[in-house]
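Structural features, examined
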Amino acid sequence: MNAWLTQHRAALASAFRRLFAAPMSSALSLLVIGIALTLPAFGYVLLDNLRELGSRASGVKQISVFMELNASRQETGEIENRLRQAGGLDWRFVPREDALRRLQQTEGMAEIVASLPRNPLPDAFIVEPRDSGPAALEALSRELAGWPKVAHVQLDSAWVKRFDAFLRLGRLALALLAGLFAAGLVAVTFNTIRLQVMAQAAEIEVARMIGATDAFIRRPFYYYGALQGALGGLLAAALVLAGLHLLAGPVGELAALYATAFTLHAPVASGAAVLGIGGALLGWLGAQLSVSLSLRRFD
């Protein structure tokens, strides 16, 4: 066990030495890897913020439940009890008196409301389910419409479907973009490792002659590829945070013009860890392919 740990520590130390042996070349490689991971990661963060903005600003999750005009307080209370027992819902009750008062405060409606012989507005409930998927919203709307003394249920299902389709299209485009850049990252690592293997061809030949195994020869290159990918992933996380910091001010000003408060949410520490681990895996894959093909030439 100690010998195994010693070999891996030596391979990791060799990877660090190779990384710092050519600082300019290593910096350029890390920059390429960082940019390749930054674009899909930044797109995902923006898409996630857009989903939250659309759900919050447009009230897309709201379902308006209007009671019949002749519904009594007891019947309205039964609907309240049903909503409490349903679970997974946030809701509020809007009495017909409050609705009429708000309508009266609307510009140009005071005289019209004053001329009405009675209040034409019903009691209503504003329901916001935690599951905002289109299918879940439509299913809940149909269920609410079947409750007693419910006259009408309003949901802009067409807008919900369009917004959900836009988000799915955005996720698919980001997945394709991430796949392309991941392939580019593997190609960059592949070429870097291949050049290093060729530069150390004589050392590898001598090591094989004195009995070194392929695993012993491959290990430092694997660590180098994984280390390069991990550092590139952390660089990508830093670039994403820097981009969000630069956009935070203009986005806040734009939101203020629309009388709303919205701030861009940065990914948590786990997001940087995902980028680092993903970069390490892609770097390791590129190193494995490169070393395997290069050693076949020696054979």
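See above for the structure.
None of the values given here were measured: they were computed from a predicted structure.

Conventions adopted
- Residues numbered from 1 in each chain as written.
- Predicted model: local features only at pLDDT ≥ 70, side-chain atom pairs only at ≥ 80, totals over all residues.
- Heavy atoms only, no water.
- Helix = DSSP H or I, 4+ residues; strand = E, 2+ residues; numbered from the N terminus.
- Buried < 20%, exposed > 50% of the residue type's maximum accessible area, 1.4 Å probe, protein only.
- Contact = heavy atoms within 4.5 Å.
- Areas by Shrake-Rupley, 256 points an atom, 1.4 Å probe, with all protein chains shown as cover.
- Salt bridge = Lys/Arg side-chain N within 4 Å of Asp/Glu carboxyl O.

**So, the overall build of the protein**
Scanning the protein from N- to C-terminus turns up 10 helices and 4 strands. Order of helices (α) and strands (β) in the protein, N terminus to C terminus: α-α-β-α-β-α-α-β-α-β-α-α-α-α. Looking at the 299 residues of the protein, the share that counts as buried comes to 36%. Sequence-distant contacts in the protein: of pairs separated by 6 or more residues, those separated by 24 or more amount to 82%. In the form shown here, the protein has an accessible surface area of approximately 17400 Å², with 64% of it arising from carbon and sulfur atoms.

**Quick notes on unusual backbone geometry**
Phi at Lys-149 takes a positive value of approximately 65°, unusual for a residue other than glycine. The topology assignment puts Lys-149 in the loop between helix 6 (134-145) and strand 4 (150-154).

**Some words on the side chain of Thr-192**
Mapped onto the elements of the fold, Thr-192 is located in helix 7 (residues 157-199). Ignoring anything within four residues of it in the chain, the contact list for Thr-192 reads Ser-29, Tyr-224 and Gln-228.

**Considering the pattern of salt bridges**
Pairs can form between side chains of opposite charge whenever their charged atoms are close. All chains considered together, the criterion is met by 5 salt bridges. Among the salt bridges present, the one from Arg-84 reaches Glu-80, with a minimum N-O distance of 3.5 Å. Remark: Glu-80 and Arg-84 occur in helix 3 (residues 73-86); sequence separation between them is 4 residues, near one turn of the helix. A residue is classified by how much of its surface remains accessible, and Glu-80, at 18% relative accessible area, is buried. Connected through shared salt-bridge partners, Arg-73, Glu-97 and Asp-123 make up one network.

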